[in-house]
Amino acid sequence: GKSTIALALVRRGARLLTDDTLVLRFDDAGARAMPGVHRARLWEDSVRALDVKVDMALGAKPTIDCLPEAQIQRADVPLDTSYVLHPAAVSAGDIVSREMLPPVHAALACVSFSKLGALMGGCEAPVVLERATRLARSASFFSAVVHRDLSRLGELGDDVLRWHRLSASTGSTGGAR
């Protein structure tokens, strides 16, 4: 679902920074997200829902790797918001809702999703925890419940982008919805 949501946002005007793995670096202003792999792998139902042109003979999860340059983010960007996604059954209500995570929960989510910590072994656990705590202090984290309804991907993209336009215009995280 992460790649599907990413491409739904791209369809609404966002740019793809990376798919699957995000590399961060810290500077005096906080966390910066680095560009990575500019391709996404989607299941066949997502390909149809997004009306993406791919060769379906390439396998169960074809790769979308020829996005137009205007849909790709090539420079690093400040990371000010992150979402921990939770899939839910189809609902007639909002396609997506969010709730702000307390910093402790945000840091624990970062640790649980960290690939580097597991690869480096137990002696690196304090470093991973310190970086997760630093990230949780520098960015807003939300728990986002996303209902599985591919026919409403446009609505999902509109909602998420609206949250960010609101926060950009008010200079805040926009509050929980």
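Residues numbered from 1 in each chain as written. Predicted model: local features only at pLDDT ≥ 70, side-chain atom pairs only at ≥ 80, totals over all residues. Heavy atoms only, no water.

Draft legend 1. Structural context of the sheet that holds strand β2 (residues 30-34). The strand order across the open sheet formed by three strands is β1-β2-β5, and the pairing between neighbours is antiparallel. The open sheet has two edge strands, β1 (23-27) and β5 (77-78), and neither has a second partner. In terms of strand pairing, β1 meets β2 through five bridges, oriented antiparallel. In the strand pairing of β2, Arg-25 is matched with Arg-32. (Pairing = 2+ DSSP bridges. Helix = DSSP H or I, 4+ residues; strand = E, 2+ residues; numbered from the N terminus.)

Draft legend 2. Highlighting the sheet that holds strand β6 (residues 81-88). The sheet built from three strands is open, its strands ordered β6-β8-β7 with mixed pairing. Two strands close off the open sheet at either side, each with one partner strand: β6 and β7 (96-100). Adjacent strand axes in the sheet meet at a mean angle of 25°, parallel and antiparallel pairs treated alike. (Axes fitted to C-alpha atoms, helices over the stretch in contact; angles between N-to-C directions.)

Draft legend 3. A look at unusual backbone geometry. The backbone of Asp-51 sits at a positive phi, close to 55°, despite the residue not being glycine. Positionally, Asp-51 belongs in the loop between α2 (44-50) and β4 (63-64).

Draft legend 4. How the structure looks around the pairing of β2. Here β2 lies mainly inside the structure; four of its five residues are buried. Remark: two residues form the turn of the hairpin made by β1 and β2, two consecutive strands paired antiparallel. Examined bridge by bridge, β2 and β5 share two bridges and lie antiparallel to one another. By the bridge assignment for β5, Ala-33 is matched with Val-77. (Buried < 20%, exposed > 50% of the residue type's maximum accessible area, 1.4 Å probe, protein only.)

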